[in-house]
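# Secondary and tertiary structure notes
Here are the chains, one letter per residue:
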Amino acid sequence: MCTAGKVIKCKAAVLFEVKQPLHIVEIEVAPPKAHEVRVKILASGICRSDDHVLNGTLKVKFPIIPGHEALGVVESIGEGVTYVKPGDKVIPLFLPQCGKCRACKNPQRNLCEKSDTFKGTGLMYDGTSRFSYKGKPVHHFANTSTFTEYTVVHEDAVAKVDPAAPPEKACLIGCGFSTGYGAATKTAKVTPGSSCAVFGLGGVGLPVVMGCKAAGASRIIGINRSKDKFPIAKELGATECVSPLDFKKPINEVLLEMTDGEGVDYSFEAIGRTDTMIAALASCNMNYGTSVMVGLPPSEAEMTLSPTLIFTGRTWKGSLFGDMRGKEDVPKLVSELMAKKFNLDPIITHVLPFDKINEGFELLRNGKCIRTVLKM
Ligand code: APR
Ligand code: ZN
Ligand code: ZN
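Residues numbered from 1 in each chain as written. Chains lettered and ligands numbered in written order. Predicted model: local features only at pLDDT ≥ 70, side-chain atom pairs only at ≥ 80, totals over all residues. Heavy atoms only, no water.

Under the annotation held in an unreviewed UniProt entry, the chain carries the name Alcohol dehydrogenase 6 and is attributed to Anolis carolinensis. Heading Function (unreviewed entry) of the UniProt record for the chain holds this comment: "Alcohol dehydrogenase. Catalyzes the NAD-dependent oxidation of primary alcohols to the corresponding aldehydes. Oxidizes secondary alcohols to the corresponding ketones." (UniProt positions renumbered as here; feature names shortened; annotations may be inferred.)

Tracing the backbone through its elements, the reader meets Gly 203 in the loop between strand E10 (195-199) and helix H5 (205-214). The class for Gly 203 is buried, based on a relative accessible area of 12%. Sequence spacing of Gly 203 and Ala 270 is 67 residues, and the spatial spacing of their C-alpha atoms is 8.9 Å. Leaving out residues up to four positions away in the same chain, Gly 203 has contacts with Gly 176, Ile 370 and Arg 371. (Helix = DSSP H or I, 4+ residues; strand = E, 2+ residues; numbered from the N terminus. Buried < 20%, exposed > 50% of the residue type's maximum accessible area, 1.4 Å probe, protein only. Contact = heavy atoms within 4.5 Å.)

Before going further, it helps to examine the coordination of the zinc ion (ligand 3). With distances of 2.0 to 2.3 Å, the protein atoms coordinating the zinc ion (ligand 3) are Cys 47 (SG), His 68 (NE2) and Cys 175 (SG). Each donor residue of the zinc ion (ligand 3) belongs to the same chain, and together they define the spacing C-x20-H-x106-C. Here Cys 175 lies in the loop between helix H3 (167-170) and helix H4 (176-187) and Cys 47 lies in the loop between strand E3 (36-46) and helix H1 (48-55), a separation of 128 residues in the sequence. Relative accessible area serves as the criterion here: at 3%, Cys 47 is assigned to the buried category. Residue classification places Cys 175 among the buried residues on the basis of a relative accessible area of 6%. (Donors = N, O, S within 2.8 Å, 3.2 Å for Na, K, Ca; no water.)

Right, let's talk about the packing of aromatic side chains for a bit. Counted by the stated rule, this structure contains 6 aromatic pairs. Relative to Phe 361, the ring of Phe 147 lies with its centre 6.0 Å away and its plane at 90 degrees, an arrangement referred to as edge-to-face. Of this pair, Phe 147 sits in the loop between strand E7 (136-138) and strand E8 (150-154) while Phe 361 is found in helix H11 (residues 357-365), placing the two residues 214 residues apart along the sequence. The same class applies to Phe 147 and to Phe 361, which are both buried. Ring pairs connect the aromatic residues Phe 177, Tyr 181 and Phe 342, which therefore count as one cluster. Residue placement shows Lys 114 over the ring face of Tyr 125; its charged tip is 4.7 Å from the ring centre. Positioned over the ring face of Tyr 83 is Lys 160, at 5.8 Å from the centre of the ring. (Phe/Tyr/Trp six-rings, centres within 6.5 Å; stacked < 30°, edge-to-face > 60°. Lys NZ or Arg CZ within 6 Å of the ring centre and 35° of its normal.)

Distances from the zinc ion (ligand 2) to its protein donors, namely Cys 98 (SG), Cys 101 (SG), Cys 104 (SG) and Cys 112 (SG), fall within the range 2.3 to 2.4 Å. Geometry at the zinc ion (ligand 2) is tetrahedral, judged from the 4 donor atoms that bind it and their angles of 104 to 116 degrees at the metal. (Tetrahedral: all angles 85-135°; square planar, octahedral: opposite > 155°, others 65-115°.)

For the second largest pocket, the calculated volume is near 220 Å³. A class-by-class count of the residues in the lining of the second largest pocket yields 6 nonpolar, 5 polar and 4 charged. (1 Å grid on protein atoms, 1.4 Å probe; cavity = no way out; pocket = protein on both sides within 12 Å on 5 of 7 lines; lining within 4 Å. Points joined across faces, edges and corners; volume = space filled by probe spheres on them. Nonpolar A, V, L, I, M, F, W, Y, C, P; charged D, E, K, R; others polar.)

A few words on the UniProt feature "domain: Enoyl reductase (ER)" (unreviewed entry) in the chain. Under the UniProt annotation, the feature "domain: Enoyl reductase (ER)" (unreviewed entry) is placed at residues 19-374. Here residues 19-374 runs as 25% helix and 22% strand, with 21 Å between its end C-alpha atoms.

In the neighbourhood of ligand 1, 20 residues make up the surrounding shell, with Arg 48, Gly 203, Val 204, Asn 224 and Leu 296 lying closest. In the model, an oxygen atom of ligand 1 is placed 3.2 Å from a nitrogen or oxygen of the Ile 271 main chain. For ligand 1, the protein covers 88% of the area, taking 730 Å² as the surface of the free molecule. The greatest single-element share of the shell around ligand 1, amounting to 3 residues, is contributed by H1. (Near = heavy atom within 4 Å. Polar contact = N/O pair within 3.5 Å; in protein donor to acceptor, adjacent residues only side chain to side chain. Areas by Shrake-Rupley, 256 points an atom, 1.4 Å probe, with all protein chains shown as cover.)

Another point: the state of the cysteines. Following the criterion strictly, the structure yields 0 disulfides and no others. For the unlinked cysteine Cys 241, the closest cysteine sulfur is that of Cys 212, found at 12 Å. For Cys 241, a relative accessible area of 15% corresponds to the buried category. (Disulfide = S-S within 2.5 Å.)

What follows concerns unusual backbone geometry. The amide bond that connects Phe 62 to the next residue, Pro 63, takes the cis arrangement and shows omega of -15 degrees. Following the sequence through the fold, Pro 63 ends up in the loop between H1 and strand E4 (70-77). With a phi angle near 65 degrees, His 35 is a residue other than glycine that sits in the positive phi range. The backbone of Ser 145 sits at a positive phi, close to 55 degrees, despite the residue not being glycine. For Ser 145, the position within the fold is in the loop between E7 and E8.

See below:
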């Protein structure tokens, strides 16, 4: 039965209030308006940033449908859409690419002004929502909202990908993998033979390790509190791993000692804590080191640090989505995955049916998984 132009009733995971479990309920999804696309989600990963929505670290409007790391198939298109057609495989983009704003026109940047991720309006460009529950609007999340069987996104916020892409794997290119891998390959531009330190060996930090290795780093030091992630970090390219819990002195001093007082060429923070962001900065070479913030800092966090850390010549950078430009880079990464240039299997530890979404969040909070992917 053709659903184009009609309201679709389907299951979605709605968050009604902060610090509550998600509720799987039947919602109504309106047809896409002009320049919008309705997408049937096939698989969606559970990312730490979604948990930041659930626990209130990332401020949003309620009720809301979180989820931003997915792969789906276009069900129908609104007037004027030419980029995709029904049946195309797509990855929704939490950083859209409108192609017209200053960020989009700069080939090095990716924070499109149409992105809602940091504005948090939870609405489509026209200021309304396409989701409703019991007749009341439900907010969108980060231009995407993927914890639902059907979503509506602007055509700016989808990347068309290889139709043969396996949904449960390729969905990670929508956030976690690209964020980490790009932080190393695009933001830091890690050079062959260099030394790197990666703070946090989770779903984001491990792809940083993969990116450092792909870029040809000769030394990759993984830093993580618990040691359970060390074997997989080593499998993916870490040459050594250390836990800050094994030392009395600050971890940046440990890293300086490990590098004969030089510090590493590149350091990455993939945890999202201010203390480890400063420790990562202090771990890179004082004159030519580059440190990249990859983990999402809490919305209201502030930090105090010695200006000397920067004054001597270190470079401190932030990296959103690994500096990937969605429409250009996401299809390329999917092709590279298909060509086996990298392997996502080691970081996908759990695949669950959509109904078990709250169990997936428990696995994330207990540190029992690297990535959990939901199959819709
Ligand atoms: N020092 C060292 N390691 C730590 C510390 C610490 N103080 N605190 C936590 N860790 C480790 C955890 O043990 C875990 O292995 O950091 C890792 C973080 O990984 P995940 O919990 O899997 O989080 P991840 O999904 O990788 O996201 C990390 O990136 O995009 C953001 O929102 C995301 O801020 C989050 C960050
Ligand atoms: Zn733009
Ligand atoms: Zn994410």
